[in-house]
Amino acid sequence: MPGVARPDLAFKREILGLGARDLTSCYQCGTCSVVCPISTADNPFPRKEMIWVQWGLKERALANSSIWLCHQCATCTAYCPRDAKPASVMAALRDASIAHYAAPVFVARALADPRYLPLLLAIPILIFLGLLGWLGHLETLPEGRIVFSKLLPILYIEGIFVAFMALATLGALGGGVRYWRAMSLQMGGDGGGPQRALVPTVLTILRHRKFSECQSHAAGSRATHKAHLHGTHLAVFYGFLGLVVTTTAVGIGIYGFGYLTPWPLWHPVKILGNVSGLAAIAALAVFAWRRIADGERAGKSTYSDWLFLAILLLTTLTGFLCQALRLADLPRLAYPMYVVHLVLIFFLLVYIPYSKFAHLVYRTVAMLHDASRAPAAEAR
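Residues numbered from 1 in each chain as written. Predicted model: local features only at pLDDT ≥ 70, side-chain atom pairs only at ≥ 80, totals over all residues. Heavy atoms only, no water.

**Student:** Provide a residue-level description of the overall build of the chain, including the pertinent values.
**Tutor:** Along the chain, the regular secondary structure elements total 19 helices and zero strands. Relative to its length of 380 residues, the chain is compact, with a C-alpha radius of gyration of 23 Å against a globular reference of 21 Å. In terms of overall dimensions, the chain has C-alpha extents of about 70 × 45 × 40 Å along its principal axes. Taking all 380 residues of the chain together, 49% fall into the buried category. Partitioning the intrachain contacts of the chain with sequence separation of at least 6 by distance along the chain shows that 77% fall at a separation of at least 24. Entry remark: accessible area of the chain is about 18700 Å², with carbon and sulfur atoms responsible for 67%. (Helix = DSSP H or I, 4+ residues; strand = E, 2+ residues; numbered from the N terminus. Rg over C-alpha atoms; globule rule 2.2 N^0.38 Å. Buried < 20%, exposed > 50% of the residue type's maximum accessible area, 1.4 Å probe, protein only. Contact = heavy atoms within 4.5 Å. Areas by Shrake-Rupley, 256 points an atom, 1.4 Å probe, with all protein chains shown as cover.)

**Student:** Can you explain helix α14 (residues 229-257)? Please cite residues and give values.
**Tutor:** Given a rise of 1.5 Å per residue, 29 residues ought to cover 42 Å, and the 41 Å separating the end C-alpha atoms of α14 matches this to within 8%. Remark: G258 follows α14 within two positions and exhibits a positive phi of approximately 65°. (Expected span 1.5 Å × (residues − 1).)

**Student:** Give a detailed account of the nonpolar core, specifying residues and quantitative values.
**Tutor:** Grouped together as the largest cluster of nonpolar side chains are 93 residues, with contacts concentrated most on L93, F128, L152 and Y179. In terms of residue count, the dominant contributor to this core is helix α17 (residues 331-350) (12 residues). (Core = buried A, V, L, I, M, F, W, Y, C linked by side-chain atoms within 4.5 Å.)

Set out below in structure tokens:
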């Protein structure tokens, strides 16, 4: 019958399993939307999302930009009179949306389930071990000065990453397009179009403006246990952006100018990489410590949260260990550590559209869709 709500009880159980609190705690007072620093009059949140989850309205809850426009400042949780933890519900909806829109969906579900972690790690391990065996380096290490490209030639490594990153890019595009279409169907068209909103959206992301507004527009002085979020997220974002720039510069140096690695520590690109890595490690350490120290006061940490933090941290740490072991001239440790580092890079980058890292895709799409529906003056 038209107009009859058809609750999806399995969806409610899924959201509860992703760290949301007992949904019956919320009695729809609207405090959460009132105190939210970045909620708007035409798209208030998270009150309506709480209603949709309570009623099991899966498509309506997931096909909305609000769940990704939320920047998890947890102000709503700090002021909720019933301790319903709406911030945890929003976080659970984001996790659910990744699995819902992912293409293929089984990869996202595997990344959310610890039982599949060995399998997900086995894929890059077998790839690199197979390459080492083909090159004859499983039992014998290269002689002389430690040069990682003597163990695994750069051309082979780039071939592997280009091939699998192409698949990851297709997955990211597929998920982003599915989410965009779902939002357009439920929330309306794209106004003046995404082209007009692209530059303002990118600038907002680069400046982390929404993260800063969560602090500058705070409703009061209650502790949210998320005061560190703006600075740490900024450090992680620009730390890994610096690492991407470093990797790109190394590729240009090798193929454009024949400037082979390893490069000296005083080289500007090397300095950029080391500074970026240290910034990312420091920020990730703060993230991990706050999750431990604050417990569930700002929201429950899920398996996906910890996996994301662990992979990011281990990827950066093993990069520094590779450099240190090379400088210490310890080939029996340096070369295996390099392989571990490559496995972690593969896990981090190839699974981007399906892990917590997918917020790079879905938050950008949500912000772009929201900005493209707003008047031109608001988009600026």
